[in-house]
Amino acid sequence: MLRTASGVVLGLVALAGTSVAQLSDITQTPNAANAGIKKSYTDQIGAGRGDIMTPGSSLFIIARDPARAIVRGRQIFQRKFTVAQGLGPRTNDGVGDIETDGSHGAGVGDSCATCHARPFGSAGFGSDVFTRPESRDAPHLFGLGLQEMLADEITKDLRAIEQDAIDQAVLSGSSVTLPLTSKGIDYGTITGLPGGTSDASGVEGVDPDLRVRPFFAQGGTISIREFLVGAFNAEMGLEAPDPDLLAASLGVDVTTPSGMELTGSIDAIEGPPAASVTDDPDMDGVVNEIPTSIVDFMEFYLMNYFRPGVDKVTPAVVDGFLNFDSIGCTTCHIPFLTIDEDRRVADTSTNWNGPKSNVVFNQLYTIATPLFSEFDDGMGFPTLKTPLGGPFTVPGIFTDFKRHDLGKLFHERNFDGTTQTEFITEPLWGVGSTPPYGHDGRSNTLNDVIIRHEGEAETQRDAYLLLSDADREEILSFLRALVIFAPPDTSSNLDEADSAHPDFPFAARGSIDLSVLFVDPSDKE
């Protein structure tokens with residue numbers, strides 16, 4: 001059975017299926033309700049990474065059955081790992097030099113959903129970790145792939161401008177200074193020197209190497225793959241001998257199965273915790289704890305994860321955005337940014353639509369659109385599904401991918417006694433659903449975190465305080481409309497919720513059993 005475009009998109013819309021939060025698999029915890037992951041961990045690993053001609057391998061499934069790849073990534077995200085599978089210990093069992101390695105204060109959870117599980121059934125928010133003296137809150141992961149793509153394209157634009165400045169300087173024999181601008185965002189200037197190098201003293205909001213690092217509050221990591229391999233290790237004590245990160249950390253340029261270019265020849269890429277499938281750095285007697293196929297599925301899942309949604313847009317919400325813009329907040333929280341080459345296989349747009357959503361668990365409604373082409377390679381396998389790679393304007397992201405100093409109330413102590421003063425602009429999408437606020441969760445309300453702004457945002461903060469009570473409340477109404485949601489309970493153009501179904505709310509709630517869409521419908525995830 002060959003999958004259709006709508007089938008893949010339906011897999012994305014209902015990618016949680018009947019799964020929720022943290023899950024065991026039914027081979028470990030059989031139960032009368034048949035609740036849990038249907039595959040064992042060994043089955044999820046499958047035939048390893050393989051290739052597009054190896055059935056059951058991650059490269060085969062990603063290329064030919066992307067909805068299954070996403071669902072499998074979701075189930076791995078929710079999986080409660082066991083000690084026998086390599087869970088724990090913490091870095092050196094939590095004993096060591098936390099000043100140089102903050103992971104000594106992290107973990108141990110037994111699932112990705114330990115930190116990212118709210119709202120219900122989502123790759124959301126919900127925990128904090130002791131990787132800084134005042135801890136860090138775990139952010140939601142909605143729209144993660146879009147953030148990775150935007151940051152990578154901005155990096156390439158900035159580096160192209162740098163090379164242009166150098167080329168002009170070498171040709172002219174004189175220094176050449178050019179503005180660093182990408183996607184309408186000003187990153188200062190770069191000066192090319194006649195000797196073939198550059199002067200980055202005019203660069204603003206990004207490191208001198210011009211690499212935008214979109215992940216972690218301080219802007220510390222380039223890619224989803226680095227983020228998830230690091231989290232498996234730091235938060236769960238699970239070590240991945242990932243060959244892509246290993247090669248990139250040794251200076252090789254690598255393209256991952258989700259299309260991310262790890263430019264190891266020019267960027268410092270964090271290597272995996274284990275150097276090979278036989279390496280056991282935590283000495284727990286378990287090797288190859290997170291095989292490469294598991295990393296592939298997880299990366300693909302997060303690359304294609306939902307964008308945040310927009311709740312009911314009232315006149316107060318509209319006026320709130322206008323007020324937000326008028327006092328200068330959109331200088332840093334830029335509403336729209338355009339990707340030149342979208343690597344996702346589908347897009348999902350989620351907005352308030354009470355009548356269509358059948359007023360079930362929420363009043364949101366998701367419209368899904370396929371973003372891939374199909375090719376029959378004549379090998380007797382399902383067709384190859386390739387991302388269209390076209391441009392995509394990302395609505396409602398509200399960030400500039402720059403670091404800013406927002407004053408001492410945002411400054412953060414590090415364990416080594418230094419102070420982190422600059423943080424990357426947090427995308428505001430989903431902010432209405434994710435209190436408390438700030439990278440450290442120290443602001444209880446949206447009003448609190450706005451008033452906390454000083455430094456580079458002091459002018460905007462002061463303008464906010466000068467507004468009338470009514471105008472400030474409209475801004476808060478606007479921000480509260482930027483939401484994340486529970487995928488299992490959100491209706492869509494492909495799967496309407498039905499509260500009249502006899503098995504509701506455990507079935508027909510806007511999510512379905514995706515096995516009917518797989519190449520082998522009897523093969524449950």
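Quick caveat, the model's predicted, so the values are computed rather than measured.

### Some details on the overall build of the protein
For the protein, the helix and strand inventory stands at 13 helices and 20 strands. Contacts in the protein between residues at least 24 apart in sequence constitute 68% of all its contacts with a sequence separation of at least 6. When the accessible surface of the protein is split by element, carbon and sulfur atoms take 56% of a total near 20800 Å².

### Overview of the pairing of strand β4 (residues 185–192)
Of all eight residues in β4, six are buried; the element is thus mostly enclosed. As judged from the six bridges shared by strand β3 (residues 176–182) and β4, these two strands associate in the antiparallel manner. Across the sheet, the residue bridging to Thr181 is Asp186, located in β4. Counting the residues between successive antiparallel strands, the hairpin from β3 to β4 contains two residues, one of them, Lys183, with a positive phi of roughly 55 degrees. The pairing of β4 with strand β5 (residues 198–199) spans two bridges and is classified as antiparallel. By the bridge assignment for β5, Gly192 is matched with Ser198. Between β4 and the antiparallel strand that follows it, β5, lie five residues; Gly196 among them carries a positive phi value of about 95 degrees.

### A short note on helix α12 (residues 458–466)
Along α12, the residues that are buried comprise Gln460, Arg461 and Tyr464. Buried positions in α12, seen along its axis, are confined to an arc of 100 degrees and lie on one side of it. Exposed side chains of α12 directed beyond 90 degrees from the buried face belong to Thr459 and Leu466. Buried positions along α12 lie against α11 (446–451) and α13 (469–480).

### Quick word on the side chain of His333
Along the chain, His333 falls in the loop between α9 (315–326) and β9 (337–339). Given a relative accessible area of 15%, His333 falls into the buried group. Side-chain polar atoms of His333 contact the backbone oxygen of Phe398, separated by 3.0 Å. Look past the residues within four positions of His333 in its chain and what remains in contact with it is Phe324, Phe398, Thr399, Thr425, Glu426 and Leu428.

### Some words on a negative patch on the surface
Together, Asp97, Glu99, Asp101, Glu270 and Asp416 line one region of the surface with negative charge. Note that Asp97 resides in the loop between α4 (66–78) and β1 (128–129). The class for Asp97 is partly exposed, based on a relative accessible area of 40%.

### Some points on the nonpolar core
Formed by 77 residues in total, the largest nonpolar core has its most connected members in Phe81, Leu228, Phe232, Ile290 and Phe401. Of all the elements, helix α5 (residues 144–172) adds the most residues to this core, at ten residues. Once residues within four sequence positions are removed from consideration, Leu228 is found in contact with Val295, Met298, Glu299 and Leu302. If you look at the next biggest cluster of nonpolar residues, it comprises 22 residues, including Tyr437, Val449, Ile450 and Leu482.

### Some remarks on the pattern of salt bridges
Following the criterion strictly, the structure yields 35 salt bridges and no others. A salt bridge links Glu412 to Arg132, with the shortest nitrogen-to-oxygen separation between them at 3.4 Å. Of this pair, Glu412 sits in strand β16 (residues 412–413) while Arg132 is found in the loop between β1 and β2 (136–137), placing the two residues 280 residues apart along the sequence. The class of Arg132 is buried, set by a relative accessible area of 15%.

### Things to note about empty space enclosed by the protein
For the coordinates displayed, the defined rule picks out one cavity of 30 Å³ or more. Its boundaries defined by the atoms lining it, the largest cavity holds a volume of some 50 Å³. As for the largest cavity, its lining consists of Gly205, Val206, Asp207, Arg211, Val212, Arg213, Gln218, Gly219, Phe401, Lys402, Arg403 and Ile424. When grouped by side-chain class, the residues that make up the lining of the largest cavity number four nonpolar, three polar and five charged.

### Digging into the confidence of the model for the protein
Do not read the predicted coordinates in detail wherever pLDDT is low. In this model, the protein carries an average pLDDT of 90, and 89% of its residues clear a pLDDT of 70 or more. Counting contacts from residues 6–19, a segment whose pLDDT is below 50, to residues more than four positions away or on other chains yields 58 contacts. Below a pLDDT of 50 lies the segment residues 511–517, which in the model reaches 26 contacts outside its immediate sequence neighbourhood of four places, other chains included.

### Let's talk about a nonpolar patch on the surface
Taken together, the side chains of Ile52, Met53 and Met379 present a nonpolar region at the surface, about 240 Å² in accessible area. Positionally, Met53 belongs in the loop between α2 (41–45) and α3 (58–64).

### Overview of the sheet that holds β4
Within a sheet, neighbouring strands are paired by backbone hydrogen bonds and run either parallel or antiparallel to one another. Ordered by their spatial adjacency, three strands build an open sheet running β3-β4-β5, and the pairing between neighbours is antiparallel. Strands at the two margins of the open sheet, each flanked by one partner only, are β3 and β5. Sheet contacts for α5: β3, β4 and β5; angle to β3, the most-contacted strand, approximately 165 degrees.

### Some remarks on the packing of aromatic side chains
What the rule picks out here adds up to 16 aromatic pairs. Seen from their ring centres, Phe215 and Phe227 are 6.4 Å apart, and the 40 degrees between their planes marks the pair as tilted. Here Phe227 lies in helix α6 (residues 224–236) and Phe215 lies in the loop between β5 and α6, a separation of twelve residues in the sequence. A cation over an aromatic ring shows up here: Lys402 above the ring of Tyr187, its NZ or CZ 5.8 Å from the ring centre. The aromatic ring of Tyr464 is capped on one face by Arg472, whose charged end is 6.0 Å from the ring centroid.

### Structural notes on the environment of Arg480
One can find Arg480 in helix α13. In sequence terms Arg480 and Val431 are 49 residues apart; their C-alpha atoms lie 6.8 Å from each other. With sequence-adjacent residues up to four places away left out, Arg480 is seen in contact with Gly432, Leu446 and Glu473.

### What to know about unusual backbone geometry
Arg118 connects to Pro119 through a cis peptide bond whose omega is 0 degrees. As for its placement among the helices and strands, Pro119 is situated in the loop between α4 and β1. The peptide bond linking Pro435 to Pro436 adopts the cis configuration, its omega dihedral lying at -5 degrees. Considering the arrangement of structural elements, one finds Pro436 in the loop between β18 (423–424) and α11. Positive phi values are uncommon outside glycine, yet Leu210 reaches one of about 65 degrees. Looking at the secondary structure, you find Leu210 in the loop between β5 and α6. Of the residues examined, Leu210 reaches a relative accessible area of 0% and is grouped as buried.

Basis of the calculations
- Residues numbered from 1 in each chain as written.
- Predicted model: local features only at pLDDT ≥ 70, side-chain atom pairs only at ≥ 80, totals over all residues.
- Heavy atoms only, no water.
- Helix = DSSP H or I, 4+ residues; strand = E, 2+ residues; numbered from the N terminus.
- Contact = heavy atoms within 4.5 Å.
- Areas by Shrake-Rupley, 256 points an atom, 1.4 Å probe, with all protein chains shown as cover.
- Buried < 20%, exposed > 50% of the residue type's maximum accessible area, 1.4 Å probe, protein only.
- Pairing = 2+ DSSP bridges.
- Arc of directions from axis to C-beta.
- Polar contact = N/O pair within 3.5 Å; in protein donor to acceptor, adjacent residues only side chain to side chain.
- Patch = residues over 30% accessible without salt bridge, like charges linked within 9 Å, V, L, I, M, F, W, Y side chains within 5 Å.
- Salt bridge = Lys/Arg side-chain N within 4 Å of Asp/Glu carboxyl O.
- Lys, Arg positive; Asp, Glu negative; His and termini not counted.
- Charge placed at Lys NZ, Arg CZ, Asp CG, Glu CD.
- Core = buried A, V, L, I, M, F, W, Y, C linked by side-chain atoms within 4.5 Å.
- 1 Å grid on protein atoms, 1.4 Å probe; cavity = no way out; pocket = protein on both sides within 12 Å on 5 of 7 lines; lining within 4 Å.
- Points joined across faces, edges and corners; volume = space filled by probe spheres on them.
- Nonpolar A, V, L, I, M, F, W, Y, C, P; charged D, E, K, R; others polar.
- pLDDT = per-residue confidence, 0-100.
- Axes fitted to C-alpha atoms, helices over the stretch in contact; angles between N-to-C directions.
- Phe/Tyr/Trp six-rings, centres within 6.5 Å; stacked < 30°, edge-to-face > 60°.
- Lys NZ or Arg CZ within 6 Å of the ring centre and 35° of its normal.

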